[in-house]
Amino acid sequence: MNRLAKVSFYLWLPLILLGAGSYRFFQPLSPAEIKINNLKLPTDFVAEHIYSPSESQQGSWVSMCFDDKGRMLASDQYGGIYRLEIPAIGSKDLTPKIEKIKLENDTLNFGAAHGLLYAFNSLYVMVNNRSGKNLPKGSGFYRLQDTDGDDQFDKLTLLKALVGEGEHGPHSIKLSPGKKSLYVICGNYTDLPQMDAYKLPATWKYDNLFPEIKDPRGHANDRKEPGGWVANVNPEGTKWELISAGYRNPFDLAFNDVGDLFVYDADMEWDFGLPWYRPTRICHATSGSEFGWRTGDGKWFANYPDNLPPVINIGQGSPTNLLYAKEAKFPAKYKQTLLAFDWSFGIIHAIQLKPSGSTYTATREEFLSGVPLPLTDGAIGPDGALYFLTGGRRLESDLYRVYYNGTEPTSSAEMTTLTEENKLRRKIETYHTLGNAEAIEAVWSYLGHPDRDIRYAARIAVEHQPLSSWKAKALAETNPVALTQAMIALARCGTEGDKTAILKALNGINFSKLPSGRQFDVLRAYELVFTRMGMPETALKNQITALLDARYPSNSDEFNKAYCRLLVFLEAPSVLPKTLALMEKKEQLSLSEGLATSSEDLILRNPQYGLDIAKMLEKRPDAQQTYLAMMLAKAKVGWTDEMRAQYFAWYKKAFAYRGGNSYVGFIDKARKIALANVPASKKEYYDKLSGGDLLTVSGNDLAEADYPKGPGKNYKLKDMDTIFTAELTQRDFKRGKAMFVATTCAKCHAMKGEGGNIGPDLTQIGTRFSTKDIMEAIIDPNKTISDQYAATQFQLKNGKSLVGKIANQDGKFYYVSQNPYAPDFLVKVKKMDVVSKNYSTVSLMLPGLINPLNKEELKDLVAYLKTGGDEGSGVFRKE
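Residues numbered from 1 in each chain as written. Predicted model: local features only at pLDDT ≥ 70, side-chain atom pairs only at ≥ 80, totals over all residues. Heavy atoms only, no water.

Secondary structure assignment for the chain yields 23 helices and 34 strands. For the chain, the residues scored as buried account for 55% of the 879 residues in total. Put simply, 65% of the contacts in the chain that link residues at least 6 apart link residues at least 24 apart. Of the roughly 38,100 Å² of accessible surface on the chain, 51% is carried by carbon and sulfur atoms. (Helix = DSSP H or I, 4+ residues; strand = E, 2+ residues; numbered from the N terminus. Buried < 20%, exposed > 50% of the residue type's maximum accessible area, 1.4 Å probe, protein only. Contact = heavy atoms within 4.5 Å. Areas by Shrake-Rupley, 256 points an atom, 1.4 Å probe, with all protein chains shown as cover.)

Further remarks concern the sheet that holds strand β16 (residues 261–265). If you walk across this open sheet you meet the four strands as β15-β16-β17-β19, and the pairing is antiparallel. Whereas interior strands pair on both sides, the edge strands pair on one side only; in this sheet they are β15 (252–255) and β19 (312–315). Each strand of the sheet is rotated relative to its neighbour by a mean of 20 degrees, with strand direction disregarded. (Pairing = 2+ DSSP bridges. Axes fitted to C-alpha atoms, helices over the stretch in contact; angles between N-to-C directions.)

One can find alanine 476 in helix α6 (residues 471–476). Look at alanine 476 and you get exposed, because its relative accessible area is 54%. Linking alanine 476 and alanine 486, residues ten residues apart in sequence, is a C-alpha distance of 10.0 Å.

With their axes 10 Å apart at the nearest point, helix α11 (residues 557–569) and helix α14 (residues 623–632) run at an angle of 5 degrees to one another. Comparing the axis directions of α11 and α14 gives the class roughly parallel. Along its contact with α11, which presents Asp557, Asn560, Lys561, Cys564, Arg565 and Val568, the element α14 presents Gln624, Tyr627, Leu628, Met631 and Leu632. Taken together, the residues of the contact of α11 with α14 break down into six nonpolar, two polar and three charged. (Parallel < 35°, antiparallel > 145°, perpendicular 65-115°, else oblique. Nonpolar A, V, L, I, M, F, W, Y, C, P; charged D, E, K, R; others polar.)

Looking now at the sheet that holds strand β6 (residues 113–119). The antiparallel open sheet is built from four strands, whose spatial order is β6-β7-β8-β9. Edge positions in the open sheet fall to β6 and β9 (155–161), since each of these has one partner strand only. Sheet twist, expressed as the mean angle between neighbouring strand axes with direction ignored, is 20 degrees. Pairing of β6 with strand β7 (residues 122–127) involves six bridges; the strand directions are antiparallel. Among the inter-strand pairings, leucine 116 is bridged to a residue of β7, identified as valine 125.

Tyrosine 552 connects to proline 553 through a cis peptide bond whose omega is 0 degrees. With omega at 0 degrees, the peptide bond leading from glycine 710 into proline 711 counts as cis. In this structure, proline 711 sits in the loop between α18 (692–703) and α19 (720–723). Within the chain, aspartate 44 stands out as a residue other than glycine whose phi angle is a positive 70 degrees. Turning to its location among the elements, aspartate 44 is positioned in the loop between α2 (31–37) and β1 (45–51). Since its relative accessible area comes to 41%, aspartate 44 is described here as partly exposed. Phi is positive for alanine 220, which is not a glycine, with a value near 60 degrees. Tracing the sequence through the fold places alanine 220 in the loop between β12 (197–198) and β13 (228–233).

Within the sequence span of helix α3 (residues 420–429), burial applies to Asn422, Leu424, Arg425, Ile428 and Glu429. On an axial view of α3, the arc spanned by its buried residues comes to 160 degrees, and they lie on one face. Along α3, the residues that are exposed and aim more than 90 degrees away from the buried face are Glu420 and Lys427. On its buried face, α3 sits against β17 (280–284), β23 (359–369), α4 (439–443) and α5 (452–463). (Arc of directions from axis to C-beta.)

A separate point is the packing of aromatic side chains. Each pair of aromatic rings is reported with the distance of its centres and the angle of its planes. Going through the model one piece at a time under the given rule, you end up with 44 aromatic pairs. Where phenylalanine 272 meets tyrosine 277, the ring centres are 5.2 Å apart and the plane angle is 75 degrees; that geometry is what we call edge-to-face. Each member of the pair, phenylalanine 272 as well as tyrosine 277, carries the same accessibility label: buried. Plain terms: the ring middles of phenylalanine 388 and tyrosine 400 are 4.9 Å apart, the flat faces sit at 15 degrees to each other, and that makes the pair stacked. Residue phenylalanine 388 is located in strand β25 (residues 386–390), and its partner tyrosine 400 is located in strand β26 (residues 398–404); the two are separated by twelve residues in the primary sequence. (Phe/Tyr/Trp six-rings, centres within 6.5 Å; stacked < 30°, edge-to-face > 60°.)

For the rest of this paragraph, the subject is the nonpolar core. Ranked by size, the top nonpolar core spans 93 residues in total, and within it Met487, Tyr647 and Tyr651 carry the most contacts. For tyrosine 651, the contacting residues outside a window of four places in its chain are Ala629, Ala633, Ile667, Ala670, Arg671, Ala674 and Ser690. One finds Ile173, Leu200, Leu242 and Leu308 within the second-largest nonpolar core, a separate group that totals 35 residues. (Core = buried A, V, L, I, M, F, W, Y, C linked by side-chain atoms within 4.5 Å.)

By the element assignment, aspartate 622 lies in the loop between α13 (613–616) and α14. Its relative accessible area of 4% is what places aspartate 622 among the buried residues. In terms of polar contacts, aspartate 622 uses its side chain to reach the backbone amide nitrogen of glutamine 625, at 3.0 Å. (Polar contact = N/O pair within 3.5 Å; in protein donor to acceptor, adjacent residues only side chain to side chain.)

Taking burial as the measure, the six residues of strand β2 (residues 61–66) include six buried ones, the bulk of the element. Relative to strand β3 (residues 72–76), β2 is paired through five bridges, and the arrangement is antiparallel. Counterpart to methionine 64 in the pairing with β3 is alanine 74. Once β2 ends, the chain turns through five residues before running back antiparallel as β3, passing glycine 70 with a positive phi of about 80 degrees.

Chain-level pLDDT for the chain is 87 on average; 87% of the residues reach the 70-or-more range. Note that residues 1–25 has pLDDT below 50 and, in this model, four contacts with residues that lie over four places away or in other chains. A low-confidence stretch, residues 588–617 stays under pLDDT 50, and its non-local contacts, those more than four residues away or across chains, total 69 contacts. (pLDDT = per-residue confidence, 0-100.)

Those residues of helix α20 (residues 733–742) that fall on the buried side of the exposure criterion are Phe733, Gly736, Ala738, Met739 and Phe740. The residue sitting at the N-terminus of α20 and contributing the capping side-chain oxygen is aspartate 732; that oxygen lies 3.1 Å from the backbone nitrogen of lysine 734. Phi turns positive, to about 70 degrees, at threonine 744, one or two residues after α20.

In this structure the tally under the stated criterion is 44 salt bridges. Between glutamate 167 and arginine 393 there is a salt bridge whose closest N-O contact spans 2.7 Å. Highlighted residues: glutamate 167 in the loop between β9 and β10 (170–175) and arginine 393 in the loop between β25 and β26, separated in sequence by 226 residues. On the basis of relative accessibility, which here comes to 35%, the residue glutamate 167 falls in the partly exposed class. Overall, the relative accessible area of 42% leaves arginine 393 in the partly exposed class. One connected set of salt bridges, linked through shared partners, spans Asp67, Lys69, Arg71, Arg83, Glu99 and Asp151. (Salt bridge = Lys/Arg side-chain N within 4 Å of Asp/Glu carboxyl O.)

On to the environment of threonine 337. Relative to the assigned elements, threonine 337 resides in strand β21 (residues 337–342). By relative accessible area, threonine 337 is classed as buried at 0%. On a C-alpha basis, the gap between threonine 337 and asparagine 256 in space is 8.2 Å, while along the polypeptide they are 81 residues apart. Filtering out sequence-adjacent residues up to four positions away, threonine 337 remains in contact with Leu323, Tyr324, Ala325, Ala350, Ile351 and Gln352. Within the structure, the side chain of threonine 337 is placed 3.2 Å from the backbone oxygen of lysine 333, a separation counted as a polar contact.

Listed below in structure tokens is the structure:
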């Protein structure tokens, strides 16, 4: 080697060695590394990607648990159950050893489990499935056992068949705190089976004076109270006891370290903007608790005393899992924390509980997130790490592990403080049994207790006892708070013959001396009597009307709702002019945490309106006006032509507001109830005045939208070569347009001036893109993202991250839209808190939007897109 060569060699040697040591830096990331990099974790937490079942043709996993040997069991949503032996944390090779659970000489394919639990030397399985050729076992609660000790399940027992399936069907299973029984939870599409015992007395009814309007799009229209439910079951499955009910779609439940039970319930996103919309929420499911779900517009408000309020509202989303982190090897901060999984937004919320009286309050922060990250289930493993699954609805499925790798201690933490009120509530709940001779004397005084949950528990204990043992005592009660609760109980358990006595007792309360919350309880007691027992006799009716009319309207929206309900029912002469005057007022802007999907503390309307409150509400339905208007739809007497003109003109304005998918349909149904009460000669006039002619053009698209008939498919780009083999001709225009709405394209994209503006206008897409290009953009929306429509990823100083589209900014703040389906709701981010911001590599457009469509529906959608919604283009057949 010459001198020059030697010099060159030694000059380059450090770079060669550096390159060798940093070889991975120059290599593309593996799919697993890309997925890990997509996760946003708290400081000093580490994530590992363990397995992708969908890549091994093992389906999309939605439930999991660990057995007594530390092995994981997981189920495909539409397939079998698998058992995994997972390598330890930090192993170089994380590939698990996997076997599929089989039974009956390997001939039975068993699975489709929404819930799994290993306990009592058994695997308990909550099957959510319509029995068929591939999976012959239908929905129900099953037990798998190994009877010969060979580590293979050989006995399958159906403990209880359940009538219900799908995303609102049977869900999860948890072991009781004492480890002596099981708790199961089911959504509102699961019929409540006959129970052996009821902590919640089976006296539930609709109980609402508000006009009963079912969802215009048909959802849950045949579902009755008590909605979703929680039951306690013995290990043999022979004794079932109802614990709690009144949920919409409670996907999971969890106990904290002192044995209090919490439930994660779903919202109804189609109700968004309507007065009865309830966000996803965490509920403290006490003995005999009721949370007021009723179908359609009948959902109870949280302040009704005959149901209980949530511990915390979270917001829009799709709950899939709830766990308590006491067994996790995490810092003390998380030991008294519920981890709530949201499938839609890919967030694990950390719900930090704080004892408050006999129940809890809570705060929320983001623990983990990713885009996309369709979370389905999770559990704390034997090693103290958090294991979680993604997938569902046949989406790509993955298994992850998250563990703490910092310096804070993780071994123990203080127990939750059990307050004296909590202890008292539990003592009262021991009387939630039938025919306990000591119950009335033991609990009666607590009907007037300052703590709401204690009053509730005492009333439920009273309702369990024979009516003859407490009716006279109830009517003789002199404490106004206790009397109100006793009358609620008597209205629920008594007969129509008790109506007059109850109403006279309520009339005897000095209403003005009660605190406002207890005044509201009295109003609800009146309502329960009216809904269950009917109209009072004339003298009593007039007395009650005078009492209520003197206080209407009030300064409270909630009281005005209650007064309006009661006075419309009582046919009070003044309710029409008073309510119409209230409908002219704008409700105050409510910056509810339930509208955000991050932990940022301020939600604003689009700053392009200059933050003027009046304009911020311009396109948002006024929930108070809507409620009052719908209540007046039941009013049959007292109308003048002037009143009717004002009233029906309101509907036309209301149709211009933007709410959830069912908003227009609900408004139209109320309008039609009201039209039924006008003279026949004026019906056509008021129909047009109220916007009936508009609905024939566009309004019914929401009220009567077509849904995909399916069956769908997890479409891949390679499938397009076999679907689109020739030019599209003789397609169905109406169905193509319906699929444009059903796949939510219209939420973000405009077509011929109608639709959203989050994504590009698609009217001219057919002139720029081939069918293959269009399908590639739909199937793989992350491949090419225009800067104009890209989301921004913010890294904040507190270690959190936030992803969304910058809608506006000023000198101090970014205004970020995170939900493409509700773009006007913004998170306000301080610029001084931002460490970095970059364009996100993940599109705001969700993958899989076309998967519910069958091939013909997909062809009609593409034809609609390529022609720019032009029915006369020659591509569509003539009707």
